[in-house]
Amino acid sequence: MSVKKISLKRELPTTTLSGFALSGLLVLTILNILLQNMPSKIQTAGDALLKLNATEGVANAVTTVVVFFRGFDTLGEIAVLFIASLGIGLMLHSNSRCNIKSESNFMLQTASKLLFPIIILFGIYVMIYGHLSPGGGFQGGVIIASAVLLLLISHKAFEVPHSVIVALETFAGVSYVLIGLIGLLVLDIFLGNFLPHDISQMGLLLSGGIIPLIYIIVGIKVGSEMSMIVQNLIKRDHDV
Amino acid sequence: MFEFFNQPEVIKVIVTFGSMLLFFVGLFGLLTRKHIIKIFISIAIMESAVFLIFIGLTFKLDFIAPILDSVNVEASTMNDPIPHAMILTAIVIGMAVLALGVSFAIEYFKLTGKTDIDEMNEMRH
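Note that the structure is a prediction, hence the values are computed from the model and not measured. (Residues numbered from 1 in each chain as written. Chains lettered and ligands numbered in written order. Predicted model: local features only at pLDDT ≥ 70, side-chain atom pairs only at ≥ 80, totals over all residues.)

**Q** Would you mind going over the environment of Val148(A) with me for this structure?
**A** All names here are of chain A. Within the secondary structure, Val148 is located in helix 7 (residues 137-154). For Val148, a count of 24 C-beta atoms within 10 Å gives the class buried. The spatial distance from the C-alpha of Val148 to the C-alpha of Met127 is 16 Å, given a sequence separation of 21 residues. In contact with Val148, not counting residues within four places along its chain, are Val160, Ser227 and Val230. (Helix = DSSP H or I, 4+ residues; strand = E, 2+ residues; numbered from the N terminus. Buried ≥ 20, exposed ≤ 12 C-beta atoms within 10 Å, placed from the backbone. Contact = placed C-beta atoms within 7 Å.)

Shown next as structure tokens:
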């Protein structure tokens, strides 16, 4: 009887790992030293943007950065999310699906029906108040997608109609670009803030010009795309 | 007893070493696991370490969230909003890429029934 000799080095690449750990430690230590020795009076980009932020009349500075100062990047990010959703739809679109859903019990079905409108309402609240409080389109859209996921795992027959998602996504994408183009026409800036955005209105629901509008559009797009992703990942075959 | 942790240097050290630890947990999983879904989860863990270090290193203890109102219009006591915005972008992109990768893995499993990356050798001839 021969005992097979197992080399520990083969199981765990300890040399490589310790090399990685040491180099990472060095990089992070140098980064930390650099960040700690930074003079405190230095004018960062964030301070400059915080000063500019008040001119747009939006309370939440993160929203202004995401939607206004980096509005074009957010458009690209939405495009990336759309392409990922498209890829998942193409990948998982086949007729031979295995059934990954099991029967859910009565309690789960009733509770999810009861919770669904409340979660949707909370998602819409987070979306609409994104320019006043922490939250916004991405977060609200993901909350709405979580409500859809809850119904998908509890009801076997539930399915968001494909036409509804296509309509919402098209509406959101087209209106984002249209708002940008109207800003280009009116102010010669793509995504320029052409609606009234007075600083005295800051903190009200109707303030900030186009910024809350764009974040609601982003929320609709993210919500529909995430719902499509979870539905594609969880959906089973129709005739099983 | 928790005043010790309120010093800015201690917070920076905890954030740096904690996220480094999390990053290397993910890297260890990435290098040693063979199951493809576990590899994707390891990449997600590494991503979350990067998010944590970005947010944690710009966090200042006495500063408030970057939300202006009639009382807090002084921008010098607010946290930097740029890392928050960047990480918001990074989280969404990371989620999309993870979901796309998992869908590739699911489709591959349906076609061949394999999840081990050592056995994925259809292209090797």
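**Q** How do you make sense of the nonpolar core when you look at a structure like this?
**A** Nonpolar side chains in soluble globular proteins generally cluster together in the buried interior. Ranked by size, the top nonpolar core spans 54 residues in total, and within it Ala61(A), Val65(A), Ile211(A), Ile214(A), Tyr215(A), Ile217(A) and Val218(A) carry the most contacts. Among the secondary structure elements, those contributing two or more residues to this core are helix 3 (45-53), helix 4 (61-69), helix 5 (71-91), helix 6 (106-128), helix 7, helix 8 (162-187) and helix 9 (211-234) of chain A together with helix 3 (81-112) of chain B. With 11 residues, the top contributor of residues to this core is helix 9 of chain A. If we skip the residues at most four places from it in the chain, Val218(A) touches Thr74(A), Ile78(A), Gly137(A) and Phe138(A). (Core = buried A, V, L, I, M, F, W, Y, C linked by C-beta atoms within 7 Å.)

**Q** Help me understand the interface of chain A and chain B in this model?
**A** Buried accessible area, meaning the area lost when the parts come together, often serves as the stated size of an interface. Each partner contributes to the interface: chain A provides 42 residues, whereas chain B provides 37 residues. Looking at the side of chain A that touches chain B, the elements with two or more residues in it are helix 2 (14-36), helix 3, helix 4, helix 5 and helix 9 of chain A. A total of 9 residues in the side of chain A that touches chain B trace back to one element, the largest contributor, which is helix 2 of chain A. Broken down by class, the residue content of the side of chain A that touches chain B amounts to 28 nonpolar, 9 polar and 5 charged. (Nonpolar A, V, L, I, M, F, W, Y, C, P; charged D, E, K, R; others polar.)

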